[in-house]
Amino acid sequence: MMNETKTYQVITYGCQMNVHDSERISGLLDAAGYVPVAEGATADVVVFNTCAVRENADNRLYGNLGHLAPVKQLNPGMQIAVGGCMAQKDRDIVVAKAPWVDVVFGTHNIGHLPLLLEKARVEHEAQVEIADSLVTFPSTLPSRRESAYAGWVTISVGCNNTCTYCIVPSVRGKETDRRPQDVVAEVRMLVDQGVQEITLLGQNVNTYGVEFSDRDAFATLLRECGAVDGLRRLRFTSPHPAYFTDSVIAAMAETETVMPSLHMPVQSGADAVLKRMRRAYRRDRFLSILDSVRAQIPDAAVTTDIIVGFPGETEKDFQDTLDLVRQARFAAAFTFLYSVRPGTEAASMPDQVPHTVVQERYQRLIEVIDEIAWEENKALVGREVEVMFATGEGRKDDRTDRVSGRARDNRLVHVTVPDGVHPRPGDIARATVTYAAPHHLIADTGFTGLIRTPGGDAWQAQTRPAPVSLGTTIPRRA
Ligand code: SAH
Ligand code: SF4
Ligand code: F3S
């Protein structure tokens, strides 16, 4: 037993998987008797939940640990824990590089964190626990959810693909699917708690079902989750183009609660590059999936991830990517400079593209993406959109008096609300788009049809990162 209440802080990097894992980490620490630290105060336990997908993530972790060393010296009881994908990748290196770290725990060891902290405290020795595969599905752990109205539900962890640039399979392990009845039960439980919007999470949601050999398992799951009474909006991330079946498109089109938005990473528009990336589809296949999606879900907004400067990418390859962006008409795209990940196949490929070339292509790509996104947004001026007001984004902007939220297609919309009306996070209303910017819409007229969220009054204003690609919680312009 602890004789005084200790405080904690969890600092999260990386994708929604990590954001969701951090909710579990917080939940476990709550259950062990810790309390979240007050803003601005120094926590007794600082947990870093790390990402390893690109090189700058490594640099950031060791930089932050360096900043904490003197803080820890001033606060002798303080403990520092490092978990997540970097911990899984670097293992003992973390303690070697930063000996003031108390606990290093892997992506499969979240459940043991409180125990490891206790052990480190008693034994005065750093504890490193990294399991190579999943023992307990993290969804069975307690959770402190970041948002009252929106929640994540994990359907699978790990990835069986071998994209040659990617470190995720080596830090998250093989794909393990959760049983459909457990997924649906969690959705139901969250909806019973007042959750309005759910995002199903997996590194490769369409391969859901490999374990029970059901190719249409994800489509079936979408329909079952979408039918949960009381749920207003269902989203998912990320699908992989190689496994995107017509049954998924049909399930999206036919399930009213599944939102008309699709985040599907393409990575490159050049077949030769896709081949070297070991992405098992080609540009024509990707574009034909979008045609089918748009034929059945006309209002669908499609977003993507693109890597610039993969080894051997020629100017012609890059032009093919620009051309694909024009044809695909993405509503937004997350763009990444190719980052060498030691141990991946691409790291030892010949013809690594010089940094200046990558940087220059990156700028050109962003210009085309923004141009298309803006055109797509402008086409919505005059249209009525349904907006779900968002926590964090839900507060009124003092300057403009607008309240922000997400349209059904996931576009960010800033809405002017009539005097005396105060939408809360999770509330829904309709409004008419009056102006379009490349990355958001403004709806200054036509506010109508406010639907209140049950329980919304009691909810604290909390922050939640905007829904983004699995690769980052930081939009590229931020
Ligand atoms: N499982 C998801 C992606 C997870 S990683 C999927 O396949 O869709 C998220 C994004 O990070 C990827 O889509 C890719 O665009 C980017 N990424 C991954 N490894 C990278 C690397 N080595 N360099 C640059 N970007 C990378
Ligand atoms: Fe798996 Fe996605 Fe990484 Fe490919 S990019 S290996 S699908 S996590
Ligand atoms: Fe891990 Fe997600 Fe980063 S799976 S490597 S935190 S993108």
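Let us look at the structure shown here. The structure presented is a predicted model; accordingly, all values stated were derived computationally and were not measured.

About the thresholds
- Residues numbered from 1 in each chain as written.
- Chains lettered and ligands numbered in written order.
- Predicted model: local features only at pLDDT ≥ 70, side-chain atom pairs only at ≥ 80, totals over all residues.
- Heavy atoms only, no water.
- Near = heavy atom within 4 Å.
- 1 Å grid on protein atoms, 1.4 Å probe; cavity = no way out; pocket = protein on both sides within 12 Å on 5 of 7 lines; lining within 4 Å.
- Sits in = over half its atoms within 2 Å of the grid points.
- Nonpolar A, V, L, I, M, F, W, Y, C, P; charged D, E, K, R; others polar.
- Salt bridge = Lys/Arg side-chain N within 4 Å of Asp/Glu carboxyl O.
- Helix = DSSP H or I, 4+ residues; strand = E, 2+ residues; numbered from the N terminus.
- Buried < 20%, exposed > 50% of the residue type's maximum accessible area, 1.4 Å probe, protein only.
- Polar contact = N/O pair within 3.5 Å; in protein donor to acceptor, adjacent residues only side chain to side chain.
- Areas by Shrake-Rupley, 256 points an atom, 1.4 Å probe, with all protein chains shown as cover.
- Pairing = 2+ DSSP bridges.
- Contact = heavy atoms within 4.5 Å.
- Axes fitted to C-alpha atoms, helices over the stretch in contact; angles between N-to-C directions.
- Parallel < 35°, antiparallel > 145°, perpendicular 65-115°, else oblique.
- Core = buried A, V, L, I, M, F, W, Y, C linked by side-chain atoms within 4.5 Å.
- Expected span 1.5 Å × (residues − 1).

1. A look at the site of ligand 2
Contacts to ligand 2 come from Cys 159, Asn 161, Cys 163, Tyr 165, Cys 166, Val 168, Pro 169, Gln 203, His 240 and Arg 279. Applying the majority rule of atoms within 2 Å of the grid points places ligand 2 in the largest cavity. Along the lines of polarity and charge, the residues of the shell around ligand 2 split into six nonpolar, three polar and one charged.

2. Some points on the pattern of salt bridges
Within the structure shown, the criterion is met by 31 salt bridges. In this structure, Arg 235 and Glu 197 form a salt bridge, with 3.7 Å as the shortest nitrogen-oxygen distance. Of this pair, Arg 235 sits in strand β11 (residues 233-237) while Glu 197 sits in strand β10 (residues 197-201), and the two are 38 residues apart along the sequence. What makes Arg 235 buried here is its relative accessible area of 6%. Using a relative accessible area of 3% as the deciding quantity, one classes Glu 197 as buried. Close ionic contact of Arg 402 with Asp 444 constitutes a salt bridge, the shortest N to O distance being 2.7 Å.

3. Here's the deal with the site of ligand 1
As a matter of local geometry, ligand 1 sits amid 16 residues, with Gln 203, Pro 265, Gln 267, Asp 305 and Ser 339 nearest to it. At a separation of 2.7 Å, a nitrogen atom of ligand 1 approaches a polar backbone atom of Gln 203. With respect to ligand 1, the backbone of Ser 339 contributes an N or O atom lying 2.8 Å from a nitrogen atom. Contact with the protein chains hides 96% of the accessible area of ligand 1, taken as 540 Å² for the molecule alone. More than half of the atoms belonging to ligand 1 lie within 2 Å of the grid points that define the largest cavity. Mapped by element, the contributors of at least two residues to the shell around ligand 1 are β13 (301-308) and β14 (332-337).

4. Let's talk about the sheet that holds strand β6 (residues 127-129)
On the basis of which strands lie adjacent, the open sheet formed by six strands has the order β2-β1-β3-β4-β5-β6 and parallel pairing. A single partner strand is all that each edge strand has here, and the edge strands are β2 (35-36) and β6. On top of the sheet, helix α1 (residues 16-31) reaches β1 (7-12), β2, β3 (45-50) and β5 (103-105); it is set at about 170 degrees to β1, its chief contact. Contacts between helix α2 (residues 55-74) and the sheet are confined to β3 and β4 (79-84), with β3 contributing the most and set at about 175 degrees to the helix.

5. Focus on the packing of helix α8 (residues 217-226) against helix α9 (residues 246-254)
The geometry of α8 relative to α9 is characterised by a closest axis approach of 8 Å and an angle of 10 degrees between their N-to-C directions. Of the possible angle classes, the one that applies to α8 and α9 is roughly parallel. Contacts between α8 and α9 involve Phe 218, Ala 219, Leu 222 and Arg 223 on the former and, on the latter, Ser 247, Val 248, Ala 250, Ala 251, Met 252 and Glu 254. Grouping the constituent residues of the contact of α8 with α9 by class yields seven nonpolar, one polar and two charged.

6. Here we look at the nonpolar core
Residues Ile 198, Leu 200, Phe 218 and Leu 222 are the most contacted members of the largest nonpolar core, which totals 68 residues. Here this core takes seven residues from helix α13 (residues 355-378), the largest share from any one element. Leaving out residues up to four positions away in the same chain, Leu 222 has contacts with Leu 200, Leu 234, Phe 236, Val 248, Ala 251, Met 252, Thr 255 and Val 258. Ala 43, Ala 52, Ala 87 and Val 104 belong to the second largest nonpolar core, which has 26 residues in total.

7. Comments concerning helix α12 (residues 315-328)
An α-helix turns once every 3.6 residues. As a result, residues three or four positions apart point the same way. The terminal C-alpha atoms of α12, which comprises 14 residues, lie 20 Å apart, in line with the 20 Å expected from a rise of 1.5 Å per residue. Burial in α12 covers these residues: Asp 317, Phe 318, Asp 320, Thr 321, Leu 322, Leu 324, Val 325 and Ala 328. Note on α12: the residue one or two positions beyond its end, Arg 329, has a positive phi of about 55 degrees.

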